[in-house]
Amino acid sequence: MINIAILGFGIVGSGSYDLTVQNAGLIEKKVGDSVKVKKIVDILDFSKHPAWSLFTKNFDDVMNDPSISIVIETIGGTRFAYDFTKRALAGGKNVVTSNKELVSTHGLELAEIAKKNNAVYLFEASVGGGVPIIRPLKQCLAANEIEEIFGIVNGTTNYILTKMRDEGISFEDALKEAQAKGYAEKNPTDDIEGHDPIRKMNILAWTAFGKMADPEDTNAKGISGVTAEDIKKAKADGCAIKLIGRAKMADGKVKCSVAPERVPLNNPLATVDGVYNAIVVRGNFVGDVTFHGQGAGGRATASAIIGDVIEIARDIVASRKRA
Ligand code: HSE
């Protein structure tokens, strides 16, 4: 049996738990061993949850259990998540995360700690929710020189822009609706001011080019300045307004940006609506490849997280056979 722990039981953490339970049989077949959640760390009270016996408030319970080889970090932010991830990796445990803030600020250091301790730090779920993009960049498209990566990497702002276009409403009203539906956070700054998508573009740049952009080569503009009038005018000109992230190499430097752009309606990105994301990778041999799917939400993001868990679990099973 391969034991895992989940840190943070919010939408993504609980989605990951549900996936391991619901698809336990097929995961076992694919891995060649069963994969079970042994501990869940969260400071809230889950005594009424059917899996109540797995919960602990103490991260040491994970560190002190040598049978736990994979830790899923879905706490978010950089405070506890950074400390717990460092400790888990330094202790030789593999870590899988959806935490783009942590990956974009401390990813290099964490990947180094993982390497030194014979562990891995995987973060497929940190960009594009359920959309596969990190592994395709690292593996399937590895033979290409990547000329540019661009697309829609924030579901909340795409939902707001779609509402504004379809219903002719203001940014403020669309944001309120997104908050009421649970798509936008109570404090939506990270999404609407472009901080979340620029982190994701930096993670893509790191994956494709081996480094993130320096602050002076990073430019993030959000959608709070987009008006109903801008959208109406764009529509009349046969365009949609989309928040587009871009990452490329120019003059030997990595450049990352995010800004609202007018996208002609005959461009496939113009019809990517709601919380969906779409990322185009332009390779010098393959040309343009587009990855499209649900960019947020517990189930879609859990799909990417458990995909990473399965990759590690397969390696564990293979190394047992070699031993
Ligand atoms: N706030 C993010 C978004 C969540 O809206 O895309 C998924 O990364």
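Residues numbered from 1 in each chain as written. Predicted model: local features only at pLDDT ≥ 70, side-chain atom pairs only at ≥ 80, totals over all residues. Heavy atoms only, no water.

### A look at the overall build of the protein
Link 1 in the chain: Within the protein one finds 12 helices and 12 strands.
Link 2 in the chain: On C-alpha atoms alone, the protein measures out to a radius of gyration of 20 Å, which is about the 20 Å that the 2.2 N^0.38 rule sets for 323 residues.
Link 3 in the chain: Seen through its C-alpha atoms, the protein measures out along the principal axes to roughly 65 × 45 × 35 Å.
Link 4 in the chain: When the 323 residues of the protein are sorted by exposure, 52% land in the buried category.
Link 5 in the chain: Per element, the accessible surface of the protein, about 15,100 Å² overall, is 51% carbon and sulfur.
Link 6 in the chain: Seen as two clouds, the 40 positive and the 40 negative side-chain charges of the protein have centres 4 Å apart. (Helix = DSSP H or I, 4+ residues; strand = E, 2+ residues; numbered from the N terminus. Rg over C-alpha atoms; globule rule 2.2 N^0.38 Å. Buried < 20%, exposed > 50% of the residue type's maximum accessible area, 1.4 Å probe, protein only. Areas by Shrake-Rupley, 256 points an atom, 1.4 Å probe, with all protein chains shown as cover. Lys, Arg positive; Asp, Glu negative; His and termini not counted. Charge placed at Lys NZ, Arg CZ, Asp CG, Glu CD.)

### Side note on the site of the ligand
Link 1 in the chain: Around the ligand, the neighbouring residues are Lys100, Asn154, Gly155, Thr156, Asp191, Asp196, Lys200, Gly295 and Ala296.
Link 2 in the chain: Contact between the ligand and threonine 156: an oxygen atom at 2.6 Å from a side-chain N or O atom of the residue.
Link 3 in the chain: The separation between a nitrogen atom of the ligand and a polar side-chain atom of aspartate 191 is 2.9 Å.
Link 4 in the chain: In isolation the ligand has 260 Å² of accessible area, and contact with the protein removes 82% of it.
Link 5 in the chain: Given that more than half its atoms are within 2 Å of the pocket grid, the ligand belongs to the largest pocket.
Link 6 in the chain: Elements that contribute at least two residues to the shell around the ligand include exactly helix H7 (155-167) and helix H10 (195-209).
Link 7 in the chain: A breakdown of the residues in the shell around the ligand according to their chemical character gives one nonpolar, four polar and four charged. (Near = heavy atom within 4 Å. Polar contact = N/O pair within 3.5 Å; in protein donor to acceptor, adjacent residues only side chain to side chain. 1 Å grid on protein atoms, 1.4 Å probe; cavity = no way out; pocket = protein on both sides within 12 Å on 5 of 7 lines; lining within 4 Å. Sits in = over half its atoms within 2 Å of the grid points. Nonpolar A, V, L, I, M, F, W, Y, C, P; charged D, E, K, R; others polar.)

### Focus: the nonpolar core
Soluble globular proteins tend to bury their nonpolar side chains together.
Link 1 in the chain: Of all hydrophobic cores here, the largest spans 65 residues; its most connected members are Tyr121, Ile133, Ile160 and Leu204.
Link 2 in the chain: Among the elements that make up this core, the one with the highest residue count is H10 (seven residues).
Link 3 in the chain: Counting contributing residues, this core receives three or more from each of domain 1 (2-129 + 299-322) and domain 2 (134-294).
Link 4 in the chain: Excluding anything up to four places from it in sequence, tyrosine 121 contacts Thr85, Leu89, Val95, Thr97, Leu102, Val103, Gly107, Leu110, Ala111 and Ala114. (Core = buried A, V, L, I, M, F, W, Y, C linked by side-chain atoms within 4.5 Å. Domains from an automatic or database assignment. Contact = heavy atoms within 4.5 Å.)

### Describing the domain arrangement of the protein
Link 1 in the chain: Here the protein is described as being made up of domain 1 (2-129 + 299-322) and domain 2 (134-294).
Link 2 in the chain: The centre of domain 1, based on its C-alpha atoms, is set 27 Å off from the matching centre of domain 2.
Link 3 in the chain: Of the roughly 1,500 Å² buried between domain 1 and domain 2, counting both surfaces, carbon and sulfur atoms make up 63%.
Link 4 in the chain: Looking only at domain 1, the three residues that lose the most surface to domain 2 are Phe123, Glu124 and Val127, adding up to 34% of its buried area.
Link 5 in the chain: Where domain 1 meets domain 2, there are four salt bridges.
Link 6 in the chain: Residue aspartate 196 is joined to lysine 100 by a salt bridge in which the shortest nitrogen-to-oxygen separation is 3.3 Å.
Link 7 in the chain: Seen at the junction of domain 1 and domain 2, the total is five residue pairs in polar contact (both at pLDDT 80 or more).
Link 8 in the chain: At the level of secondary structure, the elements contributing two or more residues to the side of domain 1 that touches domain 2 comprise helix H5 (100-116) and helix H12 (298-322).
Link 9 in the chain: Top contributing element to the side of domain 1 that touches domain 2 by residue count: H5, with seven residues.
Link 10 in the chain: For the side of domain 1 that touches domain 2, the residue count by class is seven nonpolar, six polar and five charged. (Buried area = accessible area lost by both parts, 1.4 Å probe. Salt bridge = Lys/Arg side-chain N within 4 Å of Asp/Glu carboxyl O.)

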